Amino acid sequence: MTAVQLNAEILRNLGAIAEDESMLKRVAKYLRKLVSEKESDPTLLSKEEFFARLDKAEKEIAEGKGITFTNRDEMNVWLNSL
């Protein structure tokens, strides 16, 4: 489903409860919760931040700064050390 379709569905559903103040309060509370989760999640990146990190990683790999493993056990040891 596209963002436009999702927005249309959300607006249709809001229209169905537009006269019910208690339902609208619940929706508003839930939306505030979702927004605060998004703002507080350090793993969420903008498109620009994501591609900047990719560019940096590619540059580091080209400079020989990447980490390589010869087998799964080496990789697991490194991951467990984090």
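Quick caveat: nothing in here was measured; it's all calculated off a predicted structure. (Residues numbered from 1 in each chain as written. Predicted model: local features only at pLDDT ≥ 70, side-chain atom pairs only at ≥ 80, totals over all residues. Heavy atoms only, no water.)

A.B. asks: Teacher, can you tell me more about the pattern of salt bridges here?
C.D. replies: Pairing between side chains of opposite charge can happen when the charged atoms of each approach one another. Scanning the model with the defined rule gives two salt bridges in all. Glu 21 is the salt-bridge partner of Lys 25, the closest N and O atoms lying 3.5 Å from each other. Of this pair, Lys 25 and Glu 21 both sit in helix H2 (residues 21-40), four residues apart, which is roughly one turn of that helix. Given the relative accessible area of 54%, Lys 25 is considered exposed. Salt-bridge contacts for Glu 63 lead to Lys 65; the nearest nitrogen and oxygen are separated by 3.1 Å. (Salt bridge = Lys/Arg side-chain N within 4 Å of Asp/Glu carboxyl O. Helix = DSSP H or I, 4+ residues; strand = E, 2+ residues; numbered from the N terminus. Buried < 20%, exposed > 50% of the residue type's maximum accessible area, 1.4 Å probe, protein only.)

A.B. asks: Help me understand the packing of aromatic side chains, please; the structure alone is not making it clear to me.
C.D. replies: Geometry of an aromatic ring pair is reported as the spacing of the ring centres plus the angle between the planes. Tallying each qualifying case throughout the model produces two aromatic pairs. Summarising the aromatic geometry, the rings of Phe 50 and Phe 51 are spaced 5.2 Å apart at their centres and angled 80° between planes, so their arrangement reads as edge-to-face. Overall, the relative accessible area of 42% leaves Phe 51 in the partly exposed class. Between Phe 69 and Trp 78, the aromatic rings sit 5.7 Å apart at their centres with planes inclined by 50°, giving tilted as the arrangement. Taking the relative accessible area as the measure of exposure, Phe 69 reaches 31% and is therefore partly exposed. (Phe/Tyr/Trp six-rings, centres within 6.5 Å; stacked < 30°, edge-to-face > 60°.)

A.B. asks: Honestly, the confidence of the model for the chain in this entry has me stumped. Any pointers?
C.D. replies: Keep in mind that low pLDDT regions are not for reading the predicted coordinates in detail. Overall, the prediction assigns the chain a mean pLDDT of 90, with 100% of residues at 70 or greater. The weakest mean pLDDT in the chain belongs to H2 at 88; the strongest belongs to helix H4 (residues 72-80) at 94. (pLDDT = per-residue confidence, 0-100.)

A.B. asks: Sorry if this is basic, but what is going on with a nonpolar patch on the surface here?
C.D. replies: Nonpolar side chains collect at one region of the surface, where Ile 67, Phe 69, Met 75, Trp 78, Leu 79 and Leu 82 lie side by side and expose about 560 Å² of accessible area between them. Structurally, Met 75 can be placed in helix H4. (Patch = residues over 30% accessible without salt bridge, like charges linked within 9 Å, V, L, I, M, F, W, Y side chains within 5 Å. Areas by Shrake-Rupley, 256 points an atom, 1.4 Å probe, with all protein chains shown as cover.)

A.B. asks: For this particular structure, what's the right way to read the environment of Glu 49?
C.D. replies: Position of Glu 49 among the secondary structure elements: in helix H3 (residues 47-62). On the basis of relative accessible area, Glu 49 is assigned to the partly exposed category, the value being 43%. Along the primary structure Glu 49 and Asn 71 are separated by 22 residues, whereas in three dimensions their C-alpha atoms are 31 Å apart.

A.B. asks: Before we go on, may I ask you to explain the environment of Leu 44 in this structure?
C.D. replies: Looking at the element boundaries, Leu 44 is found in the loop between H2 and H3. By relative accessible area, which is 43% here, Leu 44 ends up partly exposed. In this structure, Leu 44 is in contact with Lys 38 and Glu 49, ignoring residues within four places of it in sequence. (Contact = heavy atoms within 4.5 Å.)

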